[in-house]
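# What the coordinates show
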Amino acid sequence: MTTGQKIYECRKKLGMTQEELAERLGVTRQSVSKWESDGAFPETEKILELCKLFGLSADELLFGEAQTEKSGSAEEPEHCSRGWGVIKRGDLRSRGWGVIKRGDLHFEYVSKKRLWGMPLVHVNFGLGLYRAKGIIAVGNIATGLISFGTISVGLLAFGALALGLLVFGAFAMGGISFGGVAAGMIAFGGLAIGVYAIGGLSVGYWAVGGFARGYYAFGDWAIGWLSVGETRAAGVHAFEMPAQFQQLCRFAETTFSAGRADFVKWIASLLRPS
């Protein structure tokens, strides 16, 4: 089997088009086409990248032969086993799962099944900035509908730094955010910033926290147009709990709609010592 035929076979097993392989390697589609037709030979740098992508040794890619390693007098079977266990190459490929690649400090899995041009599952993490991009993405940097990573971007995102619609992270920014530092439409965290913010330090239109600042602020210390605080409250309408709880209830009933008044009284009740 020629090198071009080997590249073609491995690309097909990954479920990639020539355009996708070219994009992954930073070359043109015409270059990939020439490699596969044996009209040109990949540069050394690209051969190394192809070996890493396909999970092959240079001997396997160039000569179609596996390099046999010996330990003492016994031969080891072809596998990748450096610190991650033992998985024989081809076991998962033959079942249509995709490609498993293992290294000392790197693990990558790309599912064969694809949706909207992306792998259904892409796992890519290790020592370095490895990026995973798929419907479900897990990596040092993860981008997908559902993503898990040190830096994570997605509809549902989990990570040290998470961005998305529903996010969880040390620093979280999104529609609904949970984190040490959270910013979003609805934010929960040690420091929360949003339209609805709940946290130790919260800033928002509606803010609830140890220190709360917003148009409606509730907390131990509260500052806002309507502020309700246990220790201190400052604003146009300021009430301190529990001494002024009844005054607040009357104010809420005469100022707000029934639903909003009930919400204000419920939040204020949480600040009243039992």
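Below is a summary of the structure that appears in this document. (Residues numbered from 1 in each chain as written. Predicted model: local features only at pLDDT ≥ 70, side-chain atom pairs only at ≥ 80, totals over all residues. Heavy atoms only, no water.)

Tracing the chain through its elements places glycine 219 in strand E10 (residues 216-223). Given the relative accessible area of 2%, glycine 219 is considered buried. Taking the C-alpha atoms as reference points, glycine 219 and methionine 241, 22 residues apart in sequence, are found 9.8 Å from one another. (Helix = DSSP H or I, 4+ residues; strand = E, 2+ residues; numbered from the N terminus. Buried < 20%, exposed > 50% of the residue type's maximum accessible area, 1.4 Å probe, protein only.)

Under the counting rule described, the total for this entry stands at 9 salt bridges. The shortest N-O distance in the salt bridge between arginine 114 and glutamate 20 comes to 3.2 Å. Within this pair, whereas arginine 114 is found in strand E5 (residues 114-115), its partner glutamate 20 is found in helix H2 (residues 18-25), the two being separated by 94 residues in sequence. Bridged by salt links that share partners, the residues Lys6, Glu9 and Lys13 form one connected network. (Salt bridge = Lys/Arg side-chain N within 4 Å of Asp/Glu carboxyl O.)

All of the buried residues in H2 are Gln18, Leu21, Ala22 and Leu25. End-on view of H2: buried residues confined to an arc of 100 degrees, all on one side of the axis. Structurally, H2 contributes buried residues whose contacts are with helix H1 (3-14), helix H3 (29-36) and helix H4 (44-54). With its phi angle positive at about 75 degrees, glycine 26 sits one or two positions after the end of H2. (Arc of directions from axis to C-beta. Contact = heavy atoms within 4.5 Å.)

Take helix H6 (residues 245-255) next. The set of residues buried in H6 consists of Phe245, Leu248, Cys249, Phe251 and Ala252. Seen along its axis, H6 keeps its buried residues to an arc of 165 degrees; they face one direction.

Here the amide bond leading from methionine 241 into proline 242 is cis, since omega sits at 0 degrees, within 30 degrees of zero. Here proline 242 shows up in the loop between strand E12 (237-240) and H6. At aspartate 38, a residue that is not glycine, the phi angle is positive and equals roughly 60 degrees. Inspection of the secondary structure puts aspartate 38 in the loop between H3 and H4. We classify aspartate 38 as partly exposed; its relative accessible area is 41%.

Nothing here speaks to function; it is geometry throughout.
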